[in-house]
Amino acid sequence: MSRVLVGVKRVIDYAVKIRVKPDQSGVVTDGVKHSMNPFCEIAVEEAVKLKEKKFIKEVVAVSCGPSQVTETIRTALAMGCDRGIHVEVSGKDYEAMGPLQISKIFAALAKKEEASLVILGKQAIDDDCNQTGQMTAALLDWPQGTFASEVTIDGETVKVVREIDGGLETIKISMPAVLTADLRLNTPRYATLPNIMKAKKKKIANMKPADLGVDMVSRVEVLRVDEPPTRLAGVKVETVDDLVAKLKANGTI
Amino acid sequence: MSAEQAAALGVSYPPLQTYSEEEGMMRDAVNKFAQERLAPFVSKMDENSLMDPEVIKSLFEQGLMGIEIDPEYGGTGSTFFSSILVIEELAKVDASVAVLCDIQNTLINTLFTKLGTAAQKERYLSRLSTDMVGSFCLSEAESGSDAFSLKTRADKHGDYYVINGSKMWISNAEQAGVFLVMANVDPSAGHRGITCFIVDRDTEGLQIGKKENKLGLRASSTCPLNLDNIKVPEKNVLGQIGHGYKYAIGMLNEGRIGIAAQMLGLAQGCFDQAVPYTRQRVQFGKRIFDFQAMQHQIAHVATQIEAARLLTYNAARLKEAGRPFIKEACMAKYFTSEVATLTTSKCIEWMGGVGFTKDYPVEKYYRDCKIGTIYEGTTNIQLSTMAKFIDKEYDH
């Protein structure tokens, strides 16, 4: 039976107010609350559900980054993943890490672990790249079911209902494949206390990108990070006629 | 930094607010669960004075009702400090839900775990961790602080006891499947006759009275109990005959820390609602937070909450370390309940008129906190207990 790889990314918590660093090189991360990327939570939930329905045998949670990402892997274990892999990346390599490097790591791991499925969140809420899943599939030359809002396994194929601009698209792809989770795929479970205790005994393996033959050199350089422009105050008007007049006056209509 | 990381770095005396990785994960999980899943139910449960069965079910599903129970009985197998963190996080959202969880974990489960025979543990612990709520029945109409003057009698008849009497102020009574009833088997022996009996809900003669219509903690059912010639088999005695008073004192010493955690969470939850308002509300051209008088009051309250937290956490760690903790537990309960009173009162003031309406959550915290200085040992009892310890400390 099969094994699924799930990617989990440690990101700044969605509820935190983001601030740009004074040197404009990035955002402030020190001392800021971090959590598992919400789309990754949905990916984990889907993988664990598939295991509970006995379509797959083992779920492996993978995260790339410094030692803190093991907390994120532990949360995935507490949600029901069987074991974890921590790919150590730190310092400059971590700051420059992007979808290309991650997808190379995942492609290598998918082959090494003989995975039938790689399930990722559709994007991370910090960089909003929406590229890792697609790149991973391309590197592996595997089919991809992205923006999944419904996943059904049928023998060696997967039916994926995708959320697209025009509505919903249903595709059938063969395994092994890469799937990326969209918002409505499922509602992630809370880690129950007994599962948190059980997660302590589950193994997290350590490795470096070099062990997988992956070079972390980035082809992208961040030049500057700016705050969005401050929102200007609105103007209140008394009547609909006033509103139309104002919209005409500033050229909106 | 977790406790494990601190140890690895050779930090011998990490700050009190250092948690093991397990404790940290549990606290975060319960925080998320409480803020997202429980919060929508709170207002309605308060208004209707009724705990939603869905809420209770989800507490069991999350493993919050058997935190220290061994996994062999379906429990989580974690520590006392984890329970304290769980109660605190629940109380930030609803003090009634927190007290249900607190009584189950710190009183009921602990009594069964420490005193239960193998058969009793087998029968009750797995149910307590998965679907059954328990109630602790000590107080009566005529015996509150003077708990051991209780009048409920248990008369022995062969291999069973006949219990007669009534209990008052019993929390969780509406939902409980099992009641731990303190009754006296030998009134002539005074408090040394008090014995703890396990009474199942469906026992004939056990009548659960109409719940009290309370100022606060309204979703927590508080009922009188009538015990009318109820027959309880000998095997349902928990622990030893005549040792009930000791068990009660022992459990209440620990339960005290749980209540401290509840009051702490309540104060913090209320504070977390009020401060954002002060940062948004503008008067005289600036945020009301920016007025010095407001800043001083807010900082003062924040300091009190921090002190309350340190007292609570320290009392919990002392207990876990097997060191004397009773005086510290009294201090924690006394102080946090007073801090909760101060905090909630100030929060309403900071929010002005809207704080006084039911559209905003702070008035509920204000009503809920009042019981803190009263139950599980009134403030005066706590102070007298502390004084006894202080007196002894100077005996040379």
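Chain B is annotated in an unreviewed UniProt entry as Short/branched chain specific acyl-CoA dehydrogenase, mitochondrial from Oncorhynchus mykiss. According to the UniProt record, the Subunit (unreviewed entry) comment for chain B is "Homotetramer." Comment text from UniProt for chain B, heading Subcellular location (unreviewed entry), reads "Mitochondrion matrix".

If you check an unreviewed UniProt entry, chain A appears there as Electron transfer flavoprotein subunit beta from Oncorhynchus mykiss. The UniProt entry for chain A carries the following comment under Subcellular location (unreviewed entry): "Mitochondrion matrix".

**Some words on the overall build of chain A**
Of regular secondary structure, chain A possesses seven helices and 11 strands. Residue burial in chain A is summarised as follows: out of 253 residues, 45% are buried. Sequence-distant contacts, at least 24 apart, represent 70% of the contacts inside chain A between residues at least 6 apart. By element, 52% of the accessible surface of chain A is carried by carbon and sulfur atoms, the whole surface being about 14,000 Å².

**Regarding the UniProt feature "domain: Acyl-CoA oxidase/dehydrogenase middle" (unreviewed entry) in chain B**
Those residues carrying the UniProt feature "domain: Acyl-CoA oxidase/dehydrogenase middle" (unreviewed entry) are residues 135-229 of chain B in this numbering. As annotated, residues 135-229 of chain B comprises 0% helix and 49% strand, and the C-alpha atoms at either end are separated by 20 Å.

**Quick word on the pairing of strand β5 (residues 83-88) of chain A**
Along any regular strand the residues' side chains alternate between the sheet's two faces. Residues and elements named next belong to chain A. Relative to β5, strand β4 (residues 58-65) runs parallel, the two being bridged by six bridges. Residue pairing across strands places Cys64 opposite Val87, the latter belonging to β5. Assessed by its sense of winding, the connection that carries the chain from β4 through helix α2 (residues 69-79) to β5 is right-handed.

**Remarks on helix α7 (residues 244-280) of chain B**
All names here are of chain B. The first and last C-alpha atoms of α7 sit 54 Å apart over 37 residues, in line with the 54 Å expected at 1.5 Å per residue. Largest kink in α7: about 25°, centred on Asn253. α7 sits mainly inside the fold: 29 of its 37 residues count as buried.

**Concerning helix α10 (residues 362-369) of chain B**
All names here are of chain B. α10 sits mainly inside the fold: seven of its eight residues count as buried. Among the residues of α10, those classed as buried are Val362, Glu363, Lys364, Tyr365, Arg367, Asp368 and Cys369. On its buried face, α10 sits against α2 (21-48), α4 (80-93), α5 (95-115), α7 and α9 (326-355).

**Some words on the side chain of Lys319 of chain B**
Topologically, Lys319 of chain B is positioned in helix α8 (residues 292-320). Among all residues touching Lys319 of chain B, those that are not within four sequence positions of it are Phe80, Glu254, Ile257 and Phe325 of chain B.

**Thoughts on unusual backbone geometry**
The amide bond that connects Met175 of chain A to the next residue, Pro176 of chain A, takes the cis arrangement and shows omega of 5°. Here Pro176 of chain A is to be found in the loop between β9 (167-174) and β10 (177-181).

**Description of the packing of α4 of chain B against α8 of chain B**
Residue and element names in this part refer to chain B. Between α4 and α8, the shortest axis-to-axis distance is 9 Å and the interhelical angle comes to 155°. When the axes of α4 and α8 are compared, the pair comes out roughly antiparallel. Residues Phe80, Phe81, Ile84, Leu85 and Glu88 of α4 form the contact with α8, whose participating residues are Arg309, Thr312, Tyr313, Ala316, Arg317, Lys319 and Glu320. When grouped by side-chain class, the residues that make up the contact of α4 with α8 number six nonpolar, one polar and five charged.

**Quick look at the interface of chain A and chain B**
With 13 residues of chain A at the contact, the number on the chain B side is 19 residues. In this structure, Glu21 of chain B and Arg74 of chain A form a salt bridge, with 3.3 Å as the shortest nitrogen-oxygen distance. The tally of links from chain A across to chain B stands at five residue pairs in polar contact (both at pLDDT 80 or more). For the side of chain A that touches chain B, the secondary-structure elements that each account for two or more residues are α2 and α6 (193-199) of chain A. With four residues, the top contributor of residues to the side of chain A that touches chain B is α6 of chain A. Looking at the side of chain A that touches chain B residue by residue, the classes come out as eight nonpolar, two polar and three charged.

**With respect to the layout of surface pockets**
All names here are of chain B. Computed from the structure, the second largest pocket encloses a volume of approximately 1,300 Å³. Taken together, 43 residues make up the lining of the second largest pocket; nearest its centre are Ser139, Ile374, Tyr375, Glu376 and Gly377. Per-element tally for the lining of the second largest pocket: the top contributor is helix α11 (residues 379-393), with six residues. By residue class, the composition of the lining of the second largest pocket is 22 nonpolar, 13 polar and eight charged.

**Structural notes on empty space enclosed by the protein**
This model, assessed by the stated rule, comprises one cavity of 30 Å³ or more. Lining the largest cavity are Lys9, Arg10, Ser63, Cys64, Val69, Tyr94 and Met97 of chain A.

**Structural notes on the packing of aromatic side chains**
All names here are of chain B. Under the criterion given, the structure shown has 10 aromatic pairs over all chains. Ring plane angle 65° and centroid distance 5.1 Å describe the contact between Tyr161 and Phe197, whose orientation is recorded as edge-to-face. With Tyr161 in strand β3 (residues 160-171) and Phe197 in strand β5 (residues 194-200), this residue pair connects regions lying 36 residues apart in the sequence. Taking the relative accessible area as the measure of exposure, Phe197 reaches 0% and is therefore buried. Between Tyr277 and Tyr360, the ring centres sit 6.5 Å apart and the planes meet at 75°, which makes this aromatic pair edge-to-face. Taken together, the positions of Tyr277 in helix α7 and Tyr360 in the loop between α9 and α10 put the pair 83 residues apart, joining distant regions of the chain. The buried category is assigned to Tyr277, whose relative accessible area is 15%. What links up through ring pairs into an aromatic cluster is the set Tyr19, Phe81 and Tyr313. The cationic tip of Lys286 hangs over the ring face of Phe291; the distance from NZ or CZ to the ring centre is 4.6 Å. For Arg317, the ring lying beneath its charged end belongs to Phe81, and the centroid distance is 3.6 Å.

**Digging into the packing of α5 of chain B against helix α6 (residues 118-130) of chain B**
All names here are of chain B. Put simply, α5 and α6 touch, their axes get as near as 9 Å, and they point 160° apart. Taken together, α5 and α6 sit at an angle that is classed as roughly antiparallel. Helix-helix and strand crossings are classified by hand; for α5 and α6 the assignment is left-handed. In this structure, α5 contributes Gln104, Ile108, Asn109, Phe112, Thr113 and Leu115 to the contact, and α6 contributes Gln120, Lys121, Tyr124, Leu125 and Leu128. A breakdown of the residues in the contact of α5 with α6 according to their chemical character gives six nonpolar, four polar and one charged.

**Considerations on the pattern of salt bridges**
Residues and elements named next belong to chain A. Tallied over the full model, the rule gives 43 salt bridges over all chains. Among the salt bridges present, the one from Lys49 reaches Glu45, with a minimum N-O distance of 3.8 Å. Separated by four residues within a single helix, Lys49 and Glu45 lie in helix α1 (residues 38-52), roughly one turn from each other. Relative accessible area serves as the criterion here: at 27%, Lys49 is assigned to the partly exposed category. Looking at Glu45, the relative accessible area reads 4%, which means it is buried. Here Glu88 and Lys208 are joined by a salt bridge, their closest N and O atoms 3.8 Å apart. With Glu88 in strand β5 and Lys208 in the loop between β11 (204-207) and α7 (240-249), this residue pair connects regions lying 120 residues apart in the sequence. The network of salt bridges with common partners includes Arg3, Glu58, Arg83 and Glu113.

Basis of the calculations
Each chain has its residues counted from 1, running along the sequence as written. For naming, the first written chain is A and the first written ligand is 1, with later ones following in the order written. Where local features are concerned, this predicted model is filtered to residues with pLDDT of at least 70; where side-chain atom pairs are given and counted, the filter is 80 or more; whole-chain, interface and lining totals use all residues. Calculated side-chain values reflect all of the structure's heavy atoms, with hydrogen atoms and water omitted. UniProt positions are given in the numbering used here, feature names are shortened, and annotations may be inferred rather than shown by experiment. Secondary structure elements follow DSSP: runs of H or I no shorter than four residues count as helices, runs of E no shorter than two count as strands, and numbering proceeds from the N terminus. Residue exposure (1.4 Å probe, protein chains only): buried if accessible area is under 20% of the type maximum, exposed if over 50%, otherwise partly exposed. The contact criterion used throughout is that any non-hydrogen atoms of two residues lie within 4.5 Å. Only the protein chains shown count as covering a residue, and every accessible area follows the Shrake-Rupley method with a 1.4 Å probe. Strands are labelled as partners when DSSP assigns at least two bridges between them. Classification remark: right-handed applies to a crossover when, strands pointing away from the viewer, the course from the first strand over the helix to the second runs clockwise. Given the number of residues in a helix, its expected span is that number minus one, multiplied by 1.5 Å. Note on bend: at a given residue it equals the angle between the axes fitted to the 7 residues ending there and to the 7 starting there. In this description, a line fitted to the C-alpha atoms serves as the axis of each element, helices being fitted only across the stretch in contact, and the angle between N-to-C directions of two axes falls anywhere from 0 to 180 degrees. Angles are sorted into four bins: roughly parallel if under 35 degrees, roughly antiparallel if over 145, roughly perpendicular if 65 to 115, and oblique for all others. Under the scheme applied, nonpolar residues are Ala, Val, Leu, Ile, Met, Phe, Trp, Tyr, Cys and Pro; charged residues are Asp, Glu, Lys and Arg; polar residues are all the others, including Gly. Each reported salt bridge corresponds to a side-chain nitrogen of Lys or Arg within 4 Å of a carboxyl oxygen of Asp or Glu. What qualifies as a polar contact is a pair of N or O atoms within 3.5 Å, subject to a donor-acceptor requirement within protein and to the restriction that residues adjacent in sequence count only when both atoms come from side chains. Think of a 1 Å grid over the protein atoms and nothing else: a 1.4 Å probe that fits but is trapped marks a cavity, an open set flanked by protein within 12 Å on at least five of seven lines marks a pocket, and residues with an atom within 4 Å of a point count as lining. Grid points are joined across faces, edges and corners, and a volume is the space filled by probe spheres set on the points. When two rings of Phe, Tyr or Trp (its six-membered ring) have centres within 6.5 Å they constitute a pair, described as stacked for plane angles under 30 degrees, edge-to-face for angles over 60, and tilted for the intermediate range. Geometrically, a lysine NZ or arginine CZ counts as sitting over a ring once it is within 6 Å of the ring centre and also within 35 degrees of the ring normal. Handedness of a crossing follows from how the near helix is turned relative to the far one, being left-handed for an anticlockwise turn of less than a right angle and right-handed for a clockwise one.

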